[in-house]
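Chain by chain, the residues run as shown.
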Amino acid sequence: MFVYSCACPEGYTGENCTRQACQCQNGGRCHEESGRCECPAGWAGDRCELEPAVLYPRTSPCSAHDCQNGGLCFQPLSGDYQCRCQPGYAGRYCEILGSLSFEAGGYVELDSLGPTRAPVNLTLVFATRNGQSGILAYSAGQLGHVAAELFQGRVRASYDVGNHPVSTMFSYETVADGRPHSLQLLLQGKNLSMRVDQAPARTVVNEGKREFLEPAGALFLGGVPPDVAAMAARQWHLRNATSFDDLETAGDALQLSEDESDEDEQEIRRLEQLFQRARIEVNQESINEWIDIDLDDPGCLQAMLLNGQPLDALKAHARPRTSPGCPGWDPPACLDHRCKKGRCVPADEGYECHCRQGWSGPYCDKGKFLSLSRPPLPRLLEFVLLRIGIKSVPDLILVIYGQ
């Protein structure tokens, strides 16, 4: 049997050199197989960026700090102490768990959304590399539901306040590409508006006698427990009852009726045709240039907000098969750079823009002026200048570089 081994170039690791190596700091070493940083004694964090705990004198504010959940107390040269939080935690004292990684079958169970008589705004920032299907958010009442799930790489939103049939819509944008995406759901009365990233919002109205949704159960994020999945299957609330990054159990997903499934397929084909006409198709090769697709990587919720306030997973009723933070989901420095007329180059802290000739500024967006001393003018140009009343040529001519 033929056996081979790969000698990986710098920055990559793994059996086939497919995993991007970690970027360890402060003397940390990258483990060849796991791709994780092995930190020196006292240092912590995904990149060994968290300083060792320091023994402060009793007069120091850090001698009696209030940092929680493993947060490290830091005393700047002036002012009060600061808490440096472990991955996933936030807040003045690291008291909020607002970022989670999901494994297959994971979910977060939170309090009910409440009636949609008043506006309800649910915002999620998520990332998944293999989430072609699965649940992002789900909440149901006795007579209706609201759901957002991944379907063939797009967001499928459904809304039912108790008026038949269910109202559904799809995002134009594809989101199962490993990049962070924001999803905003605004519920008010019969209306559901959905916005993905910075694209225009889409809205559906669940017409009928009932005026608003009254969720009786919990709000689930990232997935649902088996009993809720069975209920959603019976009532056709969800097209797929798996966790939003769960391919292992995708074969056990609920199936819709043939008519409803055909309608979804037709809507996806319609959206793809619109994308083709607009020439904004996703180029998978360009995605693969910067991302290391690994079907075992968990999905990630980087932010969870309800009516503008962070949702705290520490207050969740349940959150099985989840872990704090989103290790490995930091995008490359030049992924969303702002360089206009120049090239993005990764730097120690973020990136730098190397401008083309004639452009300047932090983002190469300011045109420069180039001075020439007494340049020779073609006779035709001299004739034109004389015709418009200019009898002498200035010593300097400003040549402006533009698009």
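Residues numbered from 1 in each chain as written. Predicted model: local features only at pLDDT ≥ 70, side-chain atom pairs only at ≥ 80, totals over all residues. Heavy atoms only, no water.

The name given to the protein in an unreviewed UniProt entry is SLIT2, with Cordylochernes scorpioides as the source organism.

Caption draft 1: Geometry of the overall build of the protein. Tallying secondary structure elements over the protein gives four helices and 28 strands in all. The buried share of the protein, taken over its 403 residues, is 38%. Considering only intrachain contacts with a sequence separation of at least 6, the fraction spanning at least 24 residues in the protein is 57%. About 23,600 Å² of surface is accessible on the protein, with carbon and sulfur atoms providing 50% of the total. (Helix = DSSP H or I, 4+ residues; strand = E, 2+ residues; numbered from the N terminus. Buried < 20%, exposed > 50% of the residue type's maximum accessible area, 1.4 Å probe, protein only. Contact = heavy atoms within 4.5 Å. Areas by Shrake-Rupley, 256 points an atom, 1.4 Å probe, with all protein chains shown as cover.)

Caption draft 2: Region of interest: the sheet that holds strand β15 (residues 167–174). Taken in spatial order, the six strands line up as β10-β19-β12-β13-β14-β15 in an open sheet, and their pairing is antiparallel. Strand pairing shows two members of the sheet lacking a second neighbour, β10 (108–110) and β15, which therefore form its edges. Adjacent strand axes in the sheet meet at a mean angle of 15°, parallel and antiparallel pairs treated alike. (Pairing = 2+ DSSP bridges. Axes fitted to C-alpha atoms, helices over the stretch in contact; angles between N-to-C directions.)

Caption draft 3: Expanded view of helix α1 (residues 226–235). Restricting attention to buried positions, one finds in α1 the residues V228, A229, M231 and A232. Buried residues along α1 cover an arc of 160° about the axis, so they all sit on one side. For α1, the exposed residues lying more than 90 degrees away from the buried face are P226, D227 and R234. One or two steps after α1, the chain reaches W236, where phi turns positive at roughly 60°. (Arc of directions from axis to C-beta.)

Caption draft 4: Examining the nonpolar core more closely. Core analysis: the biggest nonpolar cluster contains 44 residues, and L122, V155, L183, L192 and L221 have the highest contact counts within it. The contact partners of L183, leaving out residues within four places of it in the chain, are L122, T123, L124, F126, L136, A148, V155, M194, R195 and V196. Within the second largest apolar cluster, 13 residues are counted, among which are Y107, Y138, F220 and L238. (Core = buried A, V, L, I, M, F, W, Y, C linked by side-chain atoms within 4.5 Å.)

Caption draft 5: Focus on the state of the cysteines. The tally for this structure, following the rule as stated, stands at eight disulfides. Disulfide pairing is shown between C85 and C94; the S-S distance is 2.1 Å. One quick way to see it: the torsion about the S-S bond of C85 and C94 is about -90°, and its sign makes the bridge left-handed. Classification of C85 by relative accessible area gives partly exposed; the value is 22%. According to the relative accessible area criterion, C94 is buried, its value standing at 0%. (Disulfide = S-S within 2.5 Å.)

Caption draft 6: Region of the structure containing the pattern of salt bridges. Under the definition given, this model contains five salt bridges. Here R156 and E149 are joined by a salt bridge, their closest N and O atoms 3.1 Å apart. Note that E214 and R210 form a salt bridge whose closest N and O atoms lie 3.6 Å from each other. Looking at R210, the relative accessible area reads 29%, which means it is partly exposed. (Salt bridge = Lys/Arg side-chain N within 4 Å of Asp/Glu carboxyl O.)

Caption draft 7: Examining the packing of aromatic side chains more closely. According to the stated counting rule, one finds two aromatic pairs in the structure shown. Seen in terms of ring centroids, Y107 and F220 are 6.1 Å apart; in terms of plane orientation they differ by 65°. Their pairing is edge-to-face. On the criterion of sequence distance, the pair formed by Y107 in the loop between β9 (100–102) and β10 and F220 in strand β19 (residues 219–221) is long-range, its members being 113 residues apart. Pair check on accessibility: Y107 and F220 agree, each one buried. Ring geometry for F151 and F170: centres 5.9 Å apart, planes at 45°, overall tilted. Of this pair, F151 sits in strand β13 (residues 145–151) while F170 is found in strand β15, placing the two residues 19 residues apart along the sequence. Its relative accessible area of 2% is what places F170 among the buried residues. In this structure, R92 is placed above the aromatic ring of Y81, and the distance from its NZ or CZ to the ring centre is 5.2 Å. One cation-aromatic arrangement involves R338 over Y363; the distance from NZ or CZ to the ring centre is 4.2 Å. (Phe/Tyr/Trp six-rings, centres within 6.5 Å; stacked < 30°, edge-to-face > 60°. Lys NZ or Arg CZ within 6 Å of the ring centre and 35° of its normal.)

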